[in-house]
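Letter by letter, the chains look like this.
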Amino acid sequence: MSSDLQWLLLRKSNSYIVKGLPEGPIFSKEPGNLLNLHSHKYSGLANAKTIDVSDVNGKITVTTRKPKASPYAVAPARSTSSIRSRSGSRRAFGIVASHAKRGYRPDLRKAALARTAALLSAQKEPKEAPARKLRGKKAIKGFKA
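Note that this is a predicted model, so its numbers are computed, not measured.

### Looking at a positive patch on the surface
- Taken together, the side chains of Lys59, Arg84, Arg86 and Arg91 make up a positively charged region of the molecular surface.
- Using a relative accessible area of 46% as the deciding quantity, one classes Arg84 as partly exposed.

Here you go:
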């Protein structure tokens, strides 16, 4: 079945659609959808080639679908590579960009890098807030003591 026909069947109703406001954008929770937008370009179900960047147990996992695999094969139809959390952001960006650039959906490169940056920033521990400085009379009182 062609990807256009699949999109025509999936676009009106599927279990991954998230509708908010009637005049707002329609989102999608499907695997392989990098921007979570309900559109043919980013659809992980309707396209033969998809890139999925996700966080699995503290590792960033890049999963690509093999376009020539049988539609009934689940595990062998996907190629997965993991990036350790301590590898650093530049290495993670390079690996994700190379997956997208090498002839496999170069139009999704920017979205894949954005998803990787969001996952890396979510993995970082937040900094502690610095102690508040005393101002006015409290500062003068603390200075004399």
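Having put the structure on the table, let's press on.
### Considering the sheet that holds strand β3 (residues 51-56)
- Pairing is antiparallel in the open sheet, where three strands are placed in the order β3-β4-β5. What marks the edges here is a single partner per strand, and that holds for β3 and β5 (78-83). Going from strand to strand, the sheet's axes swing by 25° on average, the running direction of each strand aside.
- In this structure, strand β4 (residues 59-65) lies alongside β5, joined through six bridges in antiparallel fashion. Its bridge partner being in β5, Thr63 is matched across the sheet by Thr80.
- Contacting β3, β4 and β5, helix α2 (residues 89-101) crosses the sheet at an angle of about 165° to β5.
- Across the sheet, helix α3 (residues 109-123) is in contact with β3 and β4; its angle to β3 comes to roughly 5°.

### Examining the nonpolar core
- With 18 residues, the main nonpolar core has Leu34, Ile51, Val53, Ile60, Ile83 and Val96 as its most contacted residues.
- For this core, the secondary structure elements donating two or more residues are β3, β4, α2 and α3.
- Sort the elements by how many residues they give to this core and α3 lands first, with five residues.

### Focus: unusual backbone geometry
- The backbone of Asn36 shows a phi angle near 60°, a positive value even though the residue is not glycine.
- Tracing the backbone shows Asn36 in the loop between β2 (26-28) and β3.
- Of note, the phi angle at Asn57 is positive, near 55°, even though the residue is not glycine.

How each quantity is defined
Along each chain, residues carry numbers from 1 onward, in the same order as the chain's sequence is written. Predicted model: local features are reported for residues with pLDDT of at least 70 only, side-chain atom pairs are reported and counted for 80 or more only, and whole-chain, interface and lining totals are derived from all residues. To obtain the side-chain values, all non-hydrogen atoms of the structure were used and water was disregarded. Every patch collects residues that have over 30% relative accessible area and no salt bridge, joining them within 9 Å if they carry like charges and within 5 Å if they are nonpolar side chains (Val, Leu, Ile, Met, Phe, Trp, Tyr). With residues, only the protein chains shown are counted as cover, and all accessible areas are computed by Shrake-Rupley using a 1.4 Å probe. We count a salt bridge whenever a side-chain nitrogen from Lys or Arg sits within 4 Å of a carboxyl oxygen from Asp or Glu. Only four residue types enter the tally: Lys and Arg on the positive side, Asp and Glu on the negative side; His and the chain ends are excluded. Where a charge lies is defined by one atom per residue type: Lys uses NZ, Arg uses CZ, Asp uses CG and Glu uses CD. Partly exposed describes any residue whose relative accessible area lies between the buried limit of under 20% and the exposed limit of over 50%, with all areas from a 1.4 Å probe on protein chains only and scaled to the type maximum. Any two strands between which DSSP finds at least two bridges are classified as paired. In this description a helix means any DSSP run of H or I spanning at least four residues, a strand means any run of E spanning at least two, and both kinds are numbered starting from the N terminus. Lines fitted to C-alpha atoms define the axes here, with helix axes fitted over just the stretch in contact, and angles between the N-to-C directions of these axes take values from 0 to 180 degrees. Every residue pair with non-hydrogen atoms within 4.5 Å of one another is taken to be in contact. By nonpolar core is meant a set of buried Ala, Val, Leu, Ile, Met, Phe, Trp, Tyr and Cys residues that side-chain atoms within 4.5 Å join together.

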